Amino acid sequence: MRRVILSAGLSVAMLFSAGPGLTQARPAPTAAKPADTKMALAKRVFDAMRFSELIGKMLDDMDPLMAMGESSALSDKDSKLMRESVREAMMAKMPVYVDAMTKLYADTFTEEELRAMAEFYESPVGQSVLRKSANLTAPATKAMMDLMPELLADTLTRFCSKTECNDSLKSRLRKLDS
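Residues numbered from 1 in each chain as written. Predicted model: local features only at pLDDT ≥ 70, side-chain atom pairs only at ≥ 80, totals over all residues. Heavy atoms only, no water.

1. With respect to the overall build of the protein
For the record, the criterion: Numbered from the N terminus, helices here are DSSP runs of H or I no shorter than four residues, and strands are runs of E no shorter than two. Note on classification: 1.4 Å probe, protein chains only; a residue is buried when its accessible area is under 20% of the maximum for its type, exposed when over 50%, partly exposed between these limits. In this description, contact between two residues means that some pair of their heavy atoms is separated by no more than 4.5 Å. Each accessible area is a Shrake-Rupley result for a 1.4 Å probe, and residues are judged covered by the shown protein chains and nothing else.
The helix and strand tally for the protein stands at eight helices and zero strands. Counted from the first residue to the last, the protein has its helices and strands arranged as α-α-α-α-α-α-α-α. For the protein, buried positions account for 31% of its 178 residues. In the protein, the share of contacts with a sequence separation of at least 24, taken over all contacts with a separation of at least 6, comes to 80%. Surface summary for the protein: the accessible area is close to 11,500 Å², and the carbon and sulfur share equals 61%.

2. Digging into a nonpolar patch on the surface
Our working definition: In this analysis, a patch consists of residues with relative accessible area above 30% that form no salt bridge, clustered at 9 Å for like charges and at 5 Å for the nonpolar side chains Val, Leu, Ile, Met, Phe, Trp and Tyr. Salt bridges, as used here, are contacts in which a Lys or Arg side-chain nitrogen is within 4 Å of a carboxyl oxygen on Asp or Glu.
A cluster of nonpolar side chains, L74, M82, V86 and M90, forms an exposed patch at the surface whose accessible area comes to about 300 Å². Within the secondary structure, M90 is located in helix α4 (residues 76–108). Under the relative-accessibility criterion, M90 is labelled partly exposed at 38%.

3. Some remarks on unusual backbone geometry
Positive phi, normally seen in glycine, also occurs at R50, with a value near 50°. Within the secondary structure, R50 is located in the loop between α2 (34–49) and α3 (51–68).

4. Considering the packing of aromatic side chains
The condition that has to hold: Only Phe, Tyr and Trp rings take part, Trp by its six-membered ring, and two of them pair if their centres are within 6.5 Å. Stacked means planes under 30 degrees apart, edge-to-face means over 60, and tilted covers everything else.
In total, this model carries five aromatic pairs according to the counting rule given. Measuring from ring centre to ring centre gives 4.7 Å for F46 and Y105, while their planes differ by 65°; the resulting arrangement is edge-to-face. Separated by 59 residues along the polypeptide, F46 in helix α2 and Y105 in helix α4 bring together distant segments of the chain. Cluster of aromatic residues (ring-pair linked, three or more members): F46, F51, Y97, Y105 and F109.

5. A short note on the state of the cysteines
Disulfide: a covalent bond formed between the sulfur atoms of two cysteine residues. Spelled out, the test is: Disulfide: a pair of cysteine sulfur atoms within 2.5 Å of each other.
One pass over the structure, following the stated rule, counts one disulfide. Covalently, C160 is tied to C165 through a disulfide, its sulfur atoms 1.9 Å apart. Of the residues examined, C160 reaches a relative accessible area of 17% and is grouped as buried.

6. As for the pattern of salt bridges
Where charged atoms of side chains with opposite charge meet at close range, the side chains can pair. For the structure on display, the rule yields seven salt bridges. For E122, the salt bridge identified is with R44, shortest N-O distance 2.7 Å. Taken together, the residues span a long stretch of sequence, with E122 in helix α5 (residues 111–122) and R44 in helix α2 at a distance of 78 residues. Both residues of the pair, E122 and R44, count as buried. With a shortest N-O distance of 2.9 Å, R158 and D154 are connected by a salt bridge.

7. Section: the side chain of Q127
Stated precisely, the cut-off is as follows: By the criterion applied in these results, polar contacts are pairs of N or O atoms within 3.5 Å in which, for protein atoms, one can donate a hydrogen and the other can accept it, and in which residues neighboring in sequence qualify only through two side-chain atoms.
Structurally, Q127 is set in helix α6 (residues 124–134). Reaching out from Q127, the side chain makes a polar contact with the backbone oxygen of A48 at a distance of 3.5 Å.

8. Focus on the nonpolar core
Keep this limit in mind: As used here, the term nonpolar core means buried Ala, Val, Leu, Ile, Met, Phe, Trp, Tyr and Cys residues forming a set that is joined through side-chain atoms within 4.5 Å.
In this structure, V45, M49, F51, I55 and Y121 are the most contacted members of the largest nonpolar core, which totals 21 residues. When residues of this core are traced back to their parent elements, those giving at least two are α2, α3, α4 and α5.

9. Things to note about α4
Definition in use: Bend at a residue means the angle formed by two fitted axes: the first through the 7 residues ending at that position, the second through the 7 residues beginning there.
Taking the largest bend as the criterion, α4 deviates by roughly 50°, centred on M94, and proline P95 comes between one and four positions later. Within the span of α4, buried status applies to S79, R83, M94, V98, M101, T102 and A106.

10. A few points about helix α7 (residues 137–162)
At M148, α7 is deflected by roughly 50°, the largest bend along its length, and proline P149 occurs up to four residues later in sequence. Taken together, the buried positions of α7 are occupied by T137, T141, M144, M145, M148, L152, L156 and C160.

Structure representation (structure tokens):
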């Protein structure tokens, strides 16, 4: 249960984080098809955000928190190597993820919205927002971790009010949290 809630918290933290970037991409040609224009604009958004760098910084910031939630089956050395391996695997897949997110943005936002996002993130103010937002990952994740004991207890109470939740089941669910 803790992993599900932590994943949700980390997802929220990711939504409110953005990485530094100074890339200035060219706008799409005016004769392009609307879908091509939207893909080019979505790519400008991700280029301006330096999305891969953002994810790398987020992983660095989350490293101490990931270490807290690791299995005791691993030695300290192996725990560190596991976190390094997770980071390496994620960064290796980042181009595929960025391509998928670019398409998702192009499918979700209008051309006007994509153009406004790209122009904002390419502007000095947008770059300042990105740099500052990149520093929010660690405190946002910590804020979620600080809420975790209360959140888990409340979740268990709510779950047990909806089902037959005897002491044995409560005990098993609490073990999943540790």
